[in-house]
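The residues making up each chain are set out below.
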Amino acid sequence: MKSYKITLIPGDGIGPEITESTIRCIKSLGVNITWDIKEAGINAIKKYNTPLPEETIKSIEENKVCLKGPITTPVGTGYRSINVALRQTFGLYACVRPFKVYSGAKTFYKDINLVIIRENMEDLYAGIEFEKGNEKTFSLINTIKQLTQNNISLDSGISIKPISSSGSERIAGFAFEYAKKNKRKKVSIVHKANIMKFTDGLFLQSARNIAGQYPDIEFEDIIVDNMAMQLVQKPNKYDILLCPNLYGDILSDLCAGLIGGLGLSPGANIGDGIAIFEPTHGSAPKYEGKNKVNPSAMILAGVLMLKYLGEDGPADILENAVGQVIKEGKNVTYDFKGENSSGVVGTIQMTNSIIEKIKKY
Ligand code: NAD
């Protein structure tokens, strides 16, 4: 039997609970994994005085695969997002988020099965920001005035949105290869090129160049605001959405809402030979330690990880077990049915139920 050493970052908030669920499920599948447990975020600051310790970085570098729980990012002040830092550090340029309706989930639609492929490094997430009132910000405002004759109010903060043709072609190549490998038929390129001609326009042009190399895969482009509406009205028309970073982030939550909530939506961040798997949702601090939240997104992130490792058999068993528990609706968390409904249980009990299904295979 193959064995793996994988970095495990439980994260904070609800992270440790849903990580525990995932580890228990994977263990019951019999896949031989040694978990190299590391810290990041608030927990790491207490111990290492930095939110992203060298030890954690080294572990991911060595193991090449990481399973990660959600990590809290302080809003406005404090350290920058560790999630973004990890993607930048390891060049995880592709974010892959599948959205599919599991029978029994609370949804308006029954037939959604789409994947968002989001560029993960550029755009407004590049982390190039200028704070209001800072000398550098005044200098930038002056330079912009000289170069463009545009007046930016002196009490502005500024975030920079870089999008390159190389970065856009790379993510488009990834999306079309993904479509080919997974027998998907259509790629919809999401943009706002009518307004941001030099950034979104470049993204669109670069993606079109790549699309030309894949004549068997249908290709269209769609403006992001229209995309949001189309997704709400006709989500089953879409297959793969190829998005720049920010739109991919926002549409991911929209799609999560369409399939029954964030608790059902896993994600993979993939670079060249290295990958981090995580749920799409955050650390939901208000539910920390309450044995309340849905472990499915993190468990399904485990499914994506197993598939990445080539463990397709165990991955399918795990996904089917999650699907069966959701379909039966006898042991599911509050987000499937609403508080105090019959069949609503905690994180641990839902996990137990998934493991019982796994054992029947
Ligand atoms: P969140 O995803 O943590 O929670 C939003 C709401 O979604 C919750 O209040 C809850 O109602 C619901 N929810 C989330 N996960 C759920 C689950 N597993 N089961 C059932 N319901 C669930 O979003 P937020 O409140 O905006 O962010 C909280 C923190 O998480 C912030 O610090 C944010 O920066 C961080 N965050 C981290 C990641 C990551 O680690 N990749 C991603 C998003 C947000």
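Residues numbered from 1 in each chain as written. Predicted model: local features only at pLDDT ≥ 70, side-chain atom pairs only at ≥ 80, totals over all residues. Heavy atoms only, no water.

K.L.:
Quick rundown of the overall build of the protein? Include the residues and the values.
P.N.:
Within the protein, the regular secondary structure consists of 13 helices and twelve strands. Each principal axis of the C-alpha atoms in the protein carries an extent, and together these give about 70 × 50 × 45 Å. Counting all 361 residues of the protein, 55% fall into the buried class. For the protein, contacts bridging at least 24 residues in sequence account for 75% of all contacts bridging at least 6. Computed over 43 positive and 39 negative side-chain charges, the inter-centroid distance for the protein is 4 Å. (Helix = DSSP H or I, 4+ residues; strand = E, 2+ residues; numbered from the N terminus. Buried < 20%, exposed > 50% of the residue type's maximum accessible area, 1.4 Å probe, protein only. Contact = heavy atoms within 4.5 Å. Lys, Arg positive; Asp, Glu negative; His and termini not counted. Charge placed at Lys NZ, Arg CZ, Asp CG, Glu CD.)

K.L.:
Any details on the nonpolar core? Residues and values, ideally.
P.N.:
Counting 91 residues, the largest nonpolar core has Leu 242, Met 305, Leu 318 and Ile 354 as its most contacted members. Per-element tally for this core: the top contributor is helix α10 (residues 296–308), with eight residues. Two domains each donate at least three residues to this core, and these are domain 1 (1–97 + 265–361) and domain 2 (108–122 + 163–259). The residues contacting Leu 318, other than those within four sequence positions of it, are Cys 25, Ile 26, Leu 29, Ile 299, Val 303, Leu 306, Ile 354 and Ile 358. Core analysis: the next-biggest nonpolar cluster, separate from the first, contains 13 residues, Cys 66, Ile 71, Ile 82 and Phe 90 among them. (Core = buried A, V, L, I, M, F, W, Y, C linked by side-chain atoms within 4.5 Å. Domains from an automatic or database assignment.)

K.L.:
Describe in detail the packing of aromatic side chains, supporting the description with residues and values.
P.N.:
Ring pairs (aromatic) are described by centroid distance and by the angle formed between their planes. The tally for this structure, following the rule as stated, stands at five aromatic pairs. Arranged with centres 6.1 Å apart and planes meeting at 85°, the rings of Tyr 93 and Phe 174 form a pair that is edge-to-face. Of this pair, Tyr 93 sits in the loop between α4 (82–89) and β4 (94–100) while Phe 174 is found in helix α6 (residues 165–181), placing the two residues 81 residues apart along the sequence. Judged by relative accessible area, Tyr 93 falls into the buried class, the value being 9%. Phe 174 gets classed as buried once you look at its relative accessible area, which sits at 18%. Measuring from ring centre to ring centre gives 5.5 Å for Tyr 287 and Tyr 334, while their planes differ by 55°; the resulting arrangement is tilted. (Phe/Tyr/Trp six-rings, centres within 6.5 Å; stacked < 30°, edge-to-face > 60°.)

K.L.:
Explain the site of the ligand to me, using residue names and the numbers behind them.
P.N.:
Every one of the 21 residues lining the ligand counts as a neighbour, but Ile 71, Thr 73, Gly 282, Ala 284 and Asn 294 are closest to it. Here Asn 83 contributes a side-chain N or O atom positioned 3.0 Å from an oxygen atom of the ligand. Note that a nitrogen atom of the ligand is positioned 3.0 Å from one of the side-chain N or O atoms of Tyr 334. For the ligand, whose free accessible area comes to 800 Å², the fraction covered by protein is 70%. (Near = heavy atom within 4 Å. Polar contact = N/O pair within 3.5 Å; in protein donor to acceptor, adjacent residues only side chain to side chain. Areas by Shrake-Rupley, 256 points an atom, 1.4 Å probe, with all protein chains shown as cover.)

K.L.:
Residue-level account of the domain arrangement of the protein, with values.
P.N.:
Partitioning the protein into structural domains gives domain 1 (1–97 + 265–361), domain 2 (108–122 + 163–259) and domain 3 (126–160). A straight line from the C-alpha centre of domain 2 to that of domain 3 covers 31 Å.

K.L.:
Report on α4, specifying residues and quantitative values.
P.N.:
Every buried residue of α4 is accounted for by Ile 82, Asn 83, Val 84, Leu 86 and Arg 87. Where α4 is buried, its residues contact α3 (54–63), β3 (65–68), β4, β5 (113–119), β11 (266–270) and β12 (275–279). You can read the cap of α4 off the contacts: a side-chain oxygen lies 3.1 Å from the backbone nitrogen of Asn 83, and it is on Ser 81. Just downstream of α4, Gly 91 is the residue with a positive phi angle, here 60°.

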